Amino acid sequence: MFSTDSLSLPASIALAALQALMLLLLAPLLSGISRKIRAKMHSRIGPMGVRGVLQDYRDIAKLMTRQEVTPVNSGVIFRAMPFILISSMLTVAMTLPIITQGSLLGSASDLITLIYIFALFRFFFSLSGLDSGSPFAGLGASRELVIGVLVEPVLMLSLLVMALIAGSTNIGAMSMLASANWGGDVPTAAALAMVACSFAVFIEMGKIPFDYPEAEQELQEGPLSEYSGVGLALVSLGIKLKQTVIAALFISVFLPFGSAQAGGSLTFGTVVPAMVIFAAKLLAVFVLSALYENSLARGRFLLTSKVTWSGFGIAALAFGFYFTKL
């Protein structure tokens, strides 16, 4: 047995890499489950049985064997973007307190840093659409940036409220506070921050009305239109990984129950149950978001700014409740 407080750096990195690998492997499965739920709620047959749930794995494997064709006018950003997407999300996944209540990488799990990494993901994703030289991809890139402007303030403000409650911008410290005393002295502010953050997570997961599976090339995933082969496989995997990581961030901050004790001893018997419980919570988030998404009416993309104001209003209300100690 060993304590997380006295964990060597190689051991911490190994465990962090393990949890990042877990999220990477789960991402296509969770996407497949969401697609299956969508098909059932739309009264379609959809992907059949267990094989249907695993369809995303087969799609990625098939794309990895296809020839990659790049636009003539594309540059280095276009070619590097798939690797930047996956590496940035794996970095975030390593810093999140998933297995333990505290982050395995300590001070690396800083809220400001993680927000910048998410912004880096969006920046290069949008820039690749412009770098491809395709007007259609450029349109998708501009709309992706619009979504970023609308959702990032909500995400930042809601997590900032939890950072103020915990007295630290470290995600691990926020997770440990939620485990020991959820909401601290201001449970109302924490509850409102949780609602606002769930709103932002829903948008970042590419749900209706912010993205449509039938028109994804015209909305958030427009830059994908010029990718093919291995590049398309990596970008698709990176997008699915981002959806999983943003959901994992929400769970780590607001629903950290079931994680191994940060100051306790880690064994096979404590790490494996913590990973199973986390996977169950992650599945619940995807199932609930899929059910809610497919119960919504579709709306025009240009009207999404009117919807996001409600999320920002809730986050601002949580911020105000924190200072009034409610």
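Residues numbered from 1 in each chain as written. Predicted model: local features only at pLDDT ≥ 70, side-chain atom pairs only at ≥ 80, totals over all residues. Heavy atoms only, no water.

## Some details on the packing of aromatic side chains
- Tallying each qualifying case throughout the model produces eight aromatic pairs.
- Pairing tyrosine 322 with phenylalanine 323 gives two aromatic rings, centres 5.1 Å apart and planes at 80°, and the pair type is edge-to-face.
- Each member of the aromatic cluster is reached from another via a ring pair, and the members are Phe319, Tyr322 and Phe323. (Phe/Tyr/Trp six-rings, centres within 6.5 Å; stacked < 30°, edge-to-face > 60°.)

## What to know about the side chain of serine 34
- Of note, serine 34 is situated in helix H1 (residues 9-41).
- Not counting chain neighbours up to four residues away, the residues in contact with serine 34 comprise Lys207, Phe286 and Ala290. (Helix = DSSP H or I, 4+ residues; strand = E, 2+ residues; numbered from the N terminus. Contact = heavy atoms within 4.5 Å.)

## Remarks on the nonpolar core
- Counting 80 residues, the largest nonpolar core has Leu23, Leu96, Leu159, Val245 and Leu282 as the members making the most contacts within it.
- In terms of residue count, the dominant contributor to this core is helix H9 (residues 229-254) (15 residues).
- Non-local contacts of leucine 159, meaning those with residues more than four positions away in its chain, are made with Leu111, Ile115, Met174, Cys197, Leu249, Val253 and Phe254. (Core = buried A, V, L, I, M, F, W, Y, C linked by side-chain atoms within 4.5 Å. Buried < 20%, exposed > 50% of the residue type's maximum accessible area, 1.4 Å probe, protein only.)

## Regarding the pattern of salt bridges
- Taken as a whole and assessed by the stated rule, the structure comprises six salt bridges.
- Here arginine 35 ties to aspartate 59 by a salt bridge, and the two come within 3.7 Å at their closest N and O atoms. Residue arginine 35 is located in helix H1, and its partner aspartate 59 is located in helix H3 (residues 55-64); the two are separated by 24 residues in the primary sequence.
- Overall, the relative accessible area of 30% leaves arginine 35 in the partly exposed class.
- Close ionic contact of arginine 122 with glutamate 152 constitutes a salt bridge, the shortest N to O distance being 2.9 Å. With arginine 122 in helix H5 (residues 111-131) and glutamate 152 in helix H6 (residues 135-166), this pair connects stretches of sequence that are 30 residues apart.
- Judged by relative accessible area, arginine 122 falls into the buried class, the value being 3%.
- Put simply, Arg35, Asp56, Asp59 and Lys240 are held in one network by salt bridges that share partners. (Salt bridge = Lys/Arg side-chain N within 4 Å of Asp/Glu carboxyl O.)

## Some remarks on the side chain of threonine 244
- Here threonine 244 lies in helix H9.
- We classify threonine 244 as buried; its relative accessible area is 0%.

## Remarks on the environment of isoleucine 98
- By the element assignment, isoleucine 98 lies in the loop between helix H4 (76-95) and H5.
- Between the C-alpha atoms of isoleucine 98 and isoleucine 277, which are 179 residues apart in sequence, the distance is 9.9 Å.
- Setting aside anything within four residues of it in sequence, one finds isoleucine 98 in contact with Gln19, Met22, Leu23, Ala93, Ala248, Ser252, Ser259 and Phe278.

## Section: the packing of H5 against H9
- It is the contact of H5 with H9, at a shortest axis distance of 12 Å, that shows an interaxial angle of 155°. As far as their axial angle goes, H9 and H5 are roughly antiparallel. For the crossing formed where H5 meets H9, the hand is left-handed. Only Val235, Gly238, Ile239, Lys242, Val245, Ile246 and Leu249 of H9 make contact with H5, whose side of the interface consists of Phe118, Phe121, Arg122 and Phe125.
- The class makeup of the residues in the contact of H5 with H9 is eight nonpolar, one polar and two charged. (Axes fitted to C-alpha atoms, helices over the stretch in contact; angles between N-to-C directions. Parallel < 35°, antiparallel > 145°, perpendicular 65-115°, else oblique. Left-handed = near helix turned anticlockwise from the far one by under 90°. Nonpolar A, V, L, I, M, F, W, Y, C, P; charged D, E, K, R; others polar.)

## Quick word on the confidence of the model for the protein chain
- Taken as a whole, the protein chain shows an average pLDDT of 82; of its residues, 86% reach a score of 70 or greater.
- Per-residue pLDDT stays below 50 along residues 1-6; that stretch engages in 19 contacts with residues further than four places along the chain or on separate chains. (pLDDT = per-residue confidence, 0-100.)

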